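Coordinate analysis (summary)
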Amino acid sequence: MSSILNAPYFHDEAAAYEYVEAHLWPNGPVCPHCGNCDSVRIGRLTGKSTRIGLRKCYDCRKPFTVKVGTIFEDSHAPMRYWLQAIYLMCSSKKGVSTRQLQRTLGVGLKTAWFMGHRIRHAMV
Ligand SMILES: [Zn+2]
């Protein structure tokens with residue numbers, strides 16, 4: 001038996017993106033700018049300095065990731081920390097405070113507050 005906390009998406013950034021993409025894009029990537037969901041018309045950008053999960057829509061020519069239009073948008077925190085925070089908050093009966101998120105994830109207070117706020121908002 002293996003602990004849920006050993007799941008790769010809690011530790012590996014690429015696996016974290018794959019996990020979120022599989023849930024938000026069950027039928028393949030969808031362009032948040034123009035709604036294009038033709039997999040042939042969406043490419044994966046794979047330069048050395050390219051951010052993980054970056055795609056490009058060949059219809060509207062705009063780049064995007066799975067974070068656009070979600071609670072993860074405009075966050076610089078790694079996706080794996082987001083998944084850890086969501087797991088903590090969903091598995092805790094009494095909720096998780098900003099301070100506790102900060103201590104457990106080892107992120108800054110501002111980041112912890114931002115994540116907690118967004119996740120609570122998403123759970124409403
Ligand atoms: Zn597009």
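Quantities reported herein were computed from a predicted structural model and do not represent experimental measurements.

1. Observations concerning the nonpolar core
Counting residues in each nonpolar core, the largest one holds 27 residues, and the members touching the most others are Met79, Trp82, Leu101, Met115 and Ile119. Elements supplying a minimum of two residues to this core: helix 1 (13-24), helix 2 (79-91), helix 3 (98-105) and helix 4 (109-123). The biggest single contributor to this core is helix 2, with five residues. Residue-level mapping places this core at the junction of two domains, with at least three residues from each of domain 1 (8-64) and domain 2 (79-119).

2. Re a nonpolar patch on the surface
Taken together, Ile4, Leu5 and Tyr87 make up a surface patch of nonpolar side chains, about 260 Å² in accessible area. By the element assignment, Tyr87 lies in helix 2. Look at Tyr87 and you get partly exposed, because its relative accessible area is 32%.

3. As for the packing of helix 2 against helix 4
Here helix 2 crosses helix 4 at 55°, and the two axes come no closer than 10 Å. Considered as vectors, helix 2 and helix 4 are oriented oblique to each other. Helix 4 is crossed by helix 2, and the crossing has right-handed handedness. Contacts between helix 2 and helix 4 involve Tyr81, Trp82, Ala85, Ile86, Met89 and Cys90 on the former and, on the latter, Phe114, Met115, Gly116, Arg118, Ile119, Arg120 and Met123. Here the residues of the contact of helix 2 with helix 4 sort into ten nonpolar, one polar and two charged.

4. What about the packing of helix 1 against helix 2?
Direction vectors running N to C along helix 1 and helix 2 enclose 60°, while the axes themselves pass 8 Å from each other. Classified by the interaxial angle, the pair formed by helix 1 and helix 2 is oblique. When helix 1 is examined against helix 2, the residues Glu13, Ala16, Tyr17, Tyr19 and Val20 are found in contact with a partner set consisting of Met79, Arg80 and Leu83. Tallied by class, the residues present in the contact of helix 1 with helix 2 amount to six nonpolar, no polar and two charged.

5. Considering the pattern of salt bridges
A full pass over the atoms with the stated rule returns three salt bridges. Between Arg80 and Glu13 there is a salt bridge whose closest N-O contact spans 3.1 Å. Taken as a pair, Arg80 in helix 2 and Glu13 in helix 1 lie far apart in primary sequence, 67 residues in all. Accessibility expressed as a relative area gives 22% for Arg80, which makes it partly exposed. When the shortest N-O distance is used, the salt bridge between Glu21 and Arg55 registers 2.7 Å. Note that Glu21 is positioned in helix 1 and Arg55 in strand 2 (residues 55-57), a separation of 34 residues in sequence. Residue Arg55 is classed as buried on the basis of its relative accessible area, which comes to 6%.

6. Considerations on helix 4
Three- or four-residue spacings in an α-helix give side chains the same orientation, since the helix completes a turn every 3.6 residues. End to end, helix 4 covers 21 Å across 15 residues, agreeing with the expected 21 Å (1.5 Å per residue, within 8%). Three or more residues of helix 4 are buried, namely Ala112, Met115, Gly116 and Ile119. Projected down its long axis, helix 4 shows its buried positions confined to an angular sector of 100°, all on one face. Away from its buried face by more than 90 degrees, helix 4 exposes Lys110 and His121.

About the criteria used
Residues numbered from 1 in each chain as written. Predicted model: local features only at pLDDT ≥ 70, side-chain atom pairs only at ≥ 80, totals over all residues. Heavy atoms only, no water. Core = buried A, V, L, I, M, F, W, Y, C linked by side-chain atoms within 4.5 Å. Buried < 20%, exposed > 50% of the residue type's maximum accessible area, 1.4 Å probe, protein only. Helix = DSSP H or I, 4+ residues; strand = E, 2+ residues; numbered from the N terminus. Domains from an automatic or database assignment. Patch = residues over 30% accessible without salt bridge, like charges linked within 9 Å, V, L, I, M, F, W, Y side chains within 5 Å. Areas by Shrake-Rupley, 256 points an atom, 1.4 Å probe, with all protein chains shown as cover. Salt bridge = Lys/Arg side-chain N within 4 Å of Asp/Glu carboxyl O. Axes fitted to C-alpha atoms, helices over the stretch in contact; angles between N-to-C directions. Parallel < 35°, antiparallel > 145°, perpendicular 65-115°, else oblique. Left-handed = near helix turned anticlockwise from the far one by under 90°. Contact = heavy atoms within 4.5 Å. Nonpolar A, V, L, I, M, F, W, Y, C, P; charged D, E, K, R; others polar. Expected span 1.5 Å × (residues − 1). Arc of directions from axis to C-beta.

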